[in-house]
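# Coordinates in review
Now for the letters of each chain:
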Amino acid sequence: MKKLIGLKKTKVAVFISGTGSNLKNLIKFSNKKNSPISINLIISNTKKAKGLKYANQYNIEKKVLNFNNNKINEKKNLDFLIKKEINFICLAGFMKILSKNFIKKFKGKIVNIHPSLLPKYKGLNTHKRALKNKEKFAGCTVHYVTTKLDSGKIILQKKVKIKKKDTVNSLKKKVLKKEHQLYPAAIRKIFS
Ligand code: GRF
């Protein structure tokens, strides 16, 4: 996408709704000297998101925005991101669907991490469905966000083997570990 000029890092907002382990991992990655991004903003749709604590921990601005999409909220949200000079958005466990117009305004500049080997298991409860279908592999995908849910161009994927004794929880843990490797690798790929 954009080559690094000197040490100038792309200003990124990470959108979360929950625990924020991917957020924490991306912050650590962004703090590396040779990382192409800096995390300048943490956005959540709910003040209950546990991951918001990383804003204080790492001294990053945070903001809870309303994503119940009507034109007024949408404009407010877009204006806020533009004011903060955000050039790229990483969704990390963000549970709201972005409006078409929002996605259009950040075309090609929003990515998401999804806990399945897309195009398989779009949407929720991916691990439960993979186990039920007796899949041999599970995994995770980083992809561009388009107006079609979990369907944008795939940037990178990582597989994990599903073992007989795996449960939703054990699989979730295993996949999350891979997610933490995958997201930084996908960011490097995008900006290389
Ligand atoms: C991850 O499994 C991610 O793939 C999915 O939501 C989960 C978020 O986990 N979209 P965390 O909040 O980053 O710990």
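Residues numbered from 1 in each chain as written. Predicted model: local features only at pLDDT ≥ 70, side-chain atom pairs only at ≥ 80, totals over all residues. Heavy atoms only, no water.

### A short note on the side chain of Glu179
The test is simple: In DSSP terms, a helix is any run of H or I states spanning at least four residues, a strand is any run of E spanning at least two, and both are numbered starting from the N terminus. Throughout, exposure labels follow a simple rule: accessible area from a 1.4 Å probe, protein chains only, divided by the maximum for the residue type, with under 20% read as buried, over 50% as exposed, and the rest as partly exposed. Under the counting rule used here, the positive set is Lys and Arg, the negative set is Asp and Glu, and His together with the chain ends is not counted. A carboxyl oxygen of Asp or Glu within 4 Å of a side-chain nitrogen of Lys or Arg is what we treat as a salt bridge. Should any heavy atoms of two residues lie within 4.5 Å, those residues are counted as being in contact.
Position of Glu179 relative to the elements: it lies in helix α6 (residues 168-190). Of the buried charged residues, Glu179 lacks a salt bridge, with Lys172 as the closest side chain of opposite charge at 9.0 Å. Apart from residues lying up to four places away in sequence, Glu179 is in contact with Asn22, Ile113, Pro115, Cys140 and Pro184.

### Focus on the environment of Lys128
Following the sequence through the fold, Lys128 ends up in helix α5 (residues 126-132). With a relative accessible area of 55%, Lys128 lands in the exposed category.

### Considerations on the sheet that holds strand β7 (residues 154-161)
Counted only if it meets this: Strand pairing is assigned whenever DSSP detects at least two bridges linking the two strands. Axis definition: a line fit to C-alpha positions, over the contact stretch in the case of helices; interaxial angles, taken between N-to-C directions, run 0 to 180 degrees.
Read from one edge of the open sheet, seven strands run β3-β2-β1-β4-β5-β6-β7, paired in mixed fashion. Two strands lie at the open edges of the sheet, namely β3 (61-64) and β7, each paired on one side alone. In this sheet, adjacent strand axes meet at a mean angle of 20° when their direction is disregarded. Bridge analysis of strand β1 (residues 10-16) against strand β2 (residues 37-44) gives seven bridges, and the strand direction is parallel. Residue pairing for β2: Lys11 is matched across the bridge by Ser38.

### Thoughts on the site of the ligand
Convention followed: We call a residue near a given molecule or strand whenever any one of its heavy atoms falls within 4 Å of it. Two N or O atoms form a polar contact when they lie within 3.5 Å of each other; inside protein one atom must be a possible hydrogen donor and the other a possible acceptor, and for residues adjacent in sequence the pair counts only when both atoms belong to side chains. What sets the accessible areas is the Shrake-Rupley method with a 1.4 Å probe; for residues, cover comes only from the shown protein chains. Classes in brief: Ala, Val, Leu, Ile, Met, Phe, Trp, Tyr, Cys and Pro nonpolar; Asp, Glu, Lys and Arg charged; the others, Gly included, polar.
Contacts to the ligand come from Thr19, Gly20, Ser21, Asn22, Gly93, Ile113, His114, Pro115, Leu176 and Glu179. Ser21 places a side-chain nitrogen or oxygen 2.6 Å from an oxygen atom of the ligand. One of the backbone N or O atoms of Asn22 is found 2.9 Å from an oxygen atom in the ligand. Its free accessible area being 370 Å², the ligand has 81% of it covered by the protein chains. Those elements that provide at least two residues to the shell around the ligand are α1 (21-30), β5 (110-114) and α6. Here the shell around the ligand is built from residues that sort into three nonpolar, six polar and one charged.

### What to know about the packing of aromatic side chains
Quick note on the threshold: Aromatic pairing here means that ring centres of Phe, Tyr or Trp (its six-membered ring) are within 6.5 Å. Orientation follows from the plane angle: under 30 degrees is stacked, over 60 is edge-to-face, and everything else is tilted. Whether a charge sits over a ring comes down to the Lys NZ or Arg CZ being within 6 Å of the ring centre and within 35 degrees of the ring normal.
Under the definition given, this model contains eight aromatic pairs. Look at Phe67 and Phe102: their rings are 6.4 Å apart centre to centre, the planes differ by 65°, and that puts the pair in the edge-to-face class. One end of the pair, Phe67, is in the loop between β3 and α3 (71-83); the other, Phe102, is in helix α4 (residues 100-105), with 35 residues separating them in the sequence. The two residues Phe67 and Phe102 agree in class, both being buried. Residues Phe88 and Phe191 carry aromatic rings whose centres are separated by 5.1 Å and whose planes lie at 65° to one another, so their mutual orientation is edge-to-face. A residue pair is termed long-range when its members are at least 10 positions apart, and Phe88 in strand β4 (residues 88-91) and Phe191 in the segment after α6 qualify at 103 residues. One aromatic cluster is present, formed by Phe15, Phe67, Phe94, Phe102 and Phe106 through successive ring pairs. One cation-aromatic arrangement involves Lys159 over Phe137; the distance from NZ or CZ to the ring centre is 4.6 Å.

Honestly, that's just the spatial picture; any functional story needs more than this.
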